[in-house]
Amino acid sequence: MRVYLGYITIFFLVPVLSIFIFLSYQEWSIAETPHHVLDERIPFDQIDLAQTSYMMAANGKVISEISNGENRIYLKLDDIPVFLEDLFIVTEDQKFYEHRGIDITAISRALLVNSQKSAIKQGGSTITQQLARNVFLTHDKTYNRKLSELFYAYQLERKRSKSEIIELYMNAIYFNNGAYGIEAASQLYFSQSIKDLSKAEVAFLAAIPNNPELYNPLKHFDNTKKRQERILKQMVVQGKLEQKEFDKLIKKEIRLDLSTNIDLYPDYVTYVHQELKNLVASAEGLTKPLKSSDEVTRNQAEAKLNEQVTKLLKSGVTIHTALDINLQTQAKSAMQSKIGFNDIEGASVVIQHHTHQLVSLIGGKDYKKNSFNRAYQSYRQPGSTIKPLLDYAPYIEETGADINQLVSGANYCSNSYCPQNYNGASYGMVTIRNAFAQSYNTPAIRLFEKTGIEKSFSYLNAFQFKKVSIQDHHISSAIGGFEYGMSPLEMTNAFTSFNDGRYQPARAITKVTDQEGNVLYKWKNQSKKVWNKDTVSKMRQLLHEVTTNGTARSAYFPSEYIGGKTGTTNDAKDIWFVGLTGNYTTGVWVGKDKPANLQAVYSRQPQIEIWKAISQAAEW
């Protein structure tokens, strides 16, 4: 009976077992392998450590280090001392070249200690695990994080060689005080490259990452020195260092030579950051979306641009600029000395008009980085500096008029708008030359009317004044009565057209290169014709007349060419001078951030004094 039941049981169980095996095989055949899952969840196709980027002046000097919170200078393994590699392996992971990312013995020991303490007191992490923690994870002391660390470490060992892992490790770890990686630490604490340090100094640096706060050399120097001696002793025990050399190394005095982050010429550097965004937007096709009337489109474009610029600056690029350091220094000095220490402010812009390069920019007397930059963010009434661009040049361009042609300087009224010349004077028929040089208002308005408001404004389109709109198309604009006005950078840019009749926006950035010197971004400059040769010739004569017989005689100095135009708004709230010399176009604005009367300094003409000091320095 028992045998019979056994056969019956087998008879029923065999089909069930067969079905189970069949279904199990199906599941197994479609199941993903552990490695496939890891590759999907933890891809290591590319590991990019944030690196310090640099901004350079025209002469190749670094003017700004851009670290984005992580000051790192990446070094290849061949450029890192073997002694340092040995130090880390001996002190952090002696089985580094034997394990596959995880040291079971160390983990078991750590688990035993932690279970006794009911908390994570000991880590047992390999160098690979530490790399995973520093690059991909957090430093939270939780078992979940530790488990993730194991998976990441295993995946790193699958995807990277041992030499790649140790190279990444020595470039990733934190050395406190903003220094990430061994080269940044060496530069910070000793102002030298790691390859130039002594073994004692190298060991001193190697002591820090184990506990960057406890071994912070700036706060706990003695702690760092004691650990340096301990790890050197470990090197002796492991046969990596002779006892005699150890005795010498621990006696060698460690003297810190701290370096500071380079961040010079804040006026100019702040502007370069803004121009970099414009350059990237132009190259990535984001300029139009950023100006879209649709808010969602604009926000998406802005987010994409910010992401792209952040990624670029974290990749260790070099931003090459046209900054003339000497000229920038002279301009700042002139701004401070000619205005004085009061609530009056100023801004200046210098453009090398043959190359269209922005070689100097001052955003205020004592400008602080990333603050309000008056050179390109302040829009002020232009006063009479608009006359060459809106009144005289368009009239000459349209009519071919001679500069000795007569125009009325008498009083003017139109629909209750009755602007006056300076001091309310009325002049008879005057030449265009004299009207321009003396900056009479009523002749300028009459020329503006003869050309036509819309035709005159059509010439301003080439200069892309950001705040000029259809609301400005009225008679008072002929003498500077704009709703918002122009920035000093915009006005100086526009005046460069009187050099050869063409307009091209001045650029601070000449190119952006990667670490191998490859050009990543560069402006695709295109100039646009605004004035014909005859107009340019006549306008240069008029501008020159201002400095010899007109309102800016004090600006004159012997030069290949000199010319310019003054500008003063109602109640002297804004005073301008924009002028050209043989090689440069320079613009200066002086005023108060909250517009107010400048009569106290107006007679001294500080804007002309500043312009002259800058221009003489530029030309001489």
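Structure: see above.
Read on for an overview of the structure. (Residues numbered from 1 in each chain as written. Predicted model: local features only at pLDDT ≥ 70, side-chain atom pairs only at ≥ 80, totals over all residues. Heavy atoms only, no water.)

### A short note on the pattern of salt bridges
Working step 1: A complete count under the given rule lists 18 salt bridges for this structure.
Working step 2: For Glu157, the salt bridge identified is with Lys162, shortest N-O distance 2.9 Å. This pair shows no difference in class: Glu157 is buried, exactly as Lys162 is.
Working step 3: Lys592 is the salt-bridge partner of Asp343, the closest N and O atoms lying 3.5 Å from each other. Taken as a pair, Asp343 in the loop between helix 15 (325-339) and strand 6 (345-352) and Lys592 in the loop between strand 16 (584-591) and helix 24 (599-602) lie far apart in primary sequence, 249 residues in all. (Salt bridge = Lys/Arg side-chain N within 4 Å of Asp/Glu carboxyl O. Buried < 20%, exposed > 50% of the residue type's maximum accessible area, 1.4 Å probe, protein only. Helix = DSSP H or I, 4+ residues; strand = E, 2+ residues; numbered from the N terminus.)

### Thoughts on the packing of helix 17 (residues 387-399) against helix 20 (residues 453-460)
Working step 1: Helix 20 packs onto helix 17 with a crossing angle of 105° between their chain directions and a minimal axis gap of 9 Å. Taken together, the axis directions place helix 17 and helix 20 in an arrangement best described as roughly perpendicular. Packed against helix 17, whose contacting residues are Leu389, Leu390, Pro394, Glu397 and Glu398, the element helix 20 presents Lys455, Ser456, Phe457, Tyr459 and Leu460 at the interface.
Working step 2: The class makeup of the residues in the contact of helix 17 with helix 20 is six nonpolar, one polar and three charged. (Axes fitted to C-alpha atoms, helices over the stretch in contact; angles between N-to-C directions. Parallel < 35°, antiparallel > 145°, perpendicular 65-115°, else oblique. Contact = heavy atoms within 4.5 Å. Nonpolar A, V, L, I, M, F, W, Y, C, P; charged D, E, K, R; others polar.)

### Some remarks on the side chain of Lys332
Working step 1: Within the fold, Lys332 resides in helix 15.
Working step 2: With a relative accessible area of 17%, Lys332 lands in the buried category.
Working step 3: Only 2.8 Å separates the side chain of Lys332 from the backbone oxygen of Gly364, close enough to count as a polar contact.
Working step 4: Residues within four places of Lys332 in sequence aside, it is in contact with Asp267, Ile362, Gly364, Lys365, Asp366 and Tyr367. (Polar contact = N/O pair within 3.5 Å; in protein donor to acceptor, adjacent residues only side chain to side chain.)

### Looking at the packing of aromatic side chains
Ring pairs (aromatic) are described by centroid distance and by the angle formed between their planes.
Working step 1: In the structure shown here, the tally under the stated rule is 19 aromatic pairs.
Working step 2: Arranged with centres 5.2 Å apart and planes meeting at 40°, the rings of Phe204 and Phe221 form a pair that is tilted. Highlighted residues: Phe204 in helix 9 (residues 199-206) and Phe221 in helix 10 (residues 221-237), separated in sequence by 17 residues.
Working step 3: Measuring from centroid to centroid gives 5.9 Å for Phe498 and Trp531, while their planes differ by 10°, and the two rings are stacked. Of this pair, Phe498 sits in helix 22 (residues 497-500) while Trp531 sits in the loop between strand 13 (528-529) and helix 23 (533-549), placing them 33 residues apart in sequence.
Working step 4: An aromatic cluster is present here, built from Tyr459, Phe463, Phe465, Phe495, Phe498, Tyr503 and Trp531 joined pairwise through their rings. (Phe/Tyr/Trp six-rings, centres within 6.5 Å; stacked < 30°, edge-to-face > 60°.)

### Some points on the nonpolar core
Working step 1: Counting 111 residues, the largest nonpolar core has Leu276, Ile319, Leu358, Leu389, Tyr392, Phe463 and Phe498 as the members making the most contacts within it.
Working step 2: In terms of residues, this core owes the most to one element, helix 12 (residues 266-283), which gives eight residues.
Working step 3: Apart from the residues within four sequence positions on either side, Leu358 is in contact with Tyr268, Tyr271, Ala322, Leu323, Val349, Val350, Ile351, Leu489, Ala506, Arg507 and Ala508.
Working step 4: Within the second largest apolar cluster, 50 residues are counted, among which are Val90, Ile127, Tyr189 and Phe246. (Core = buried A, V, L, I, M, F, W, Y, C linked by side-chain atoms within 4.5 Å.)

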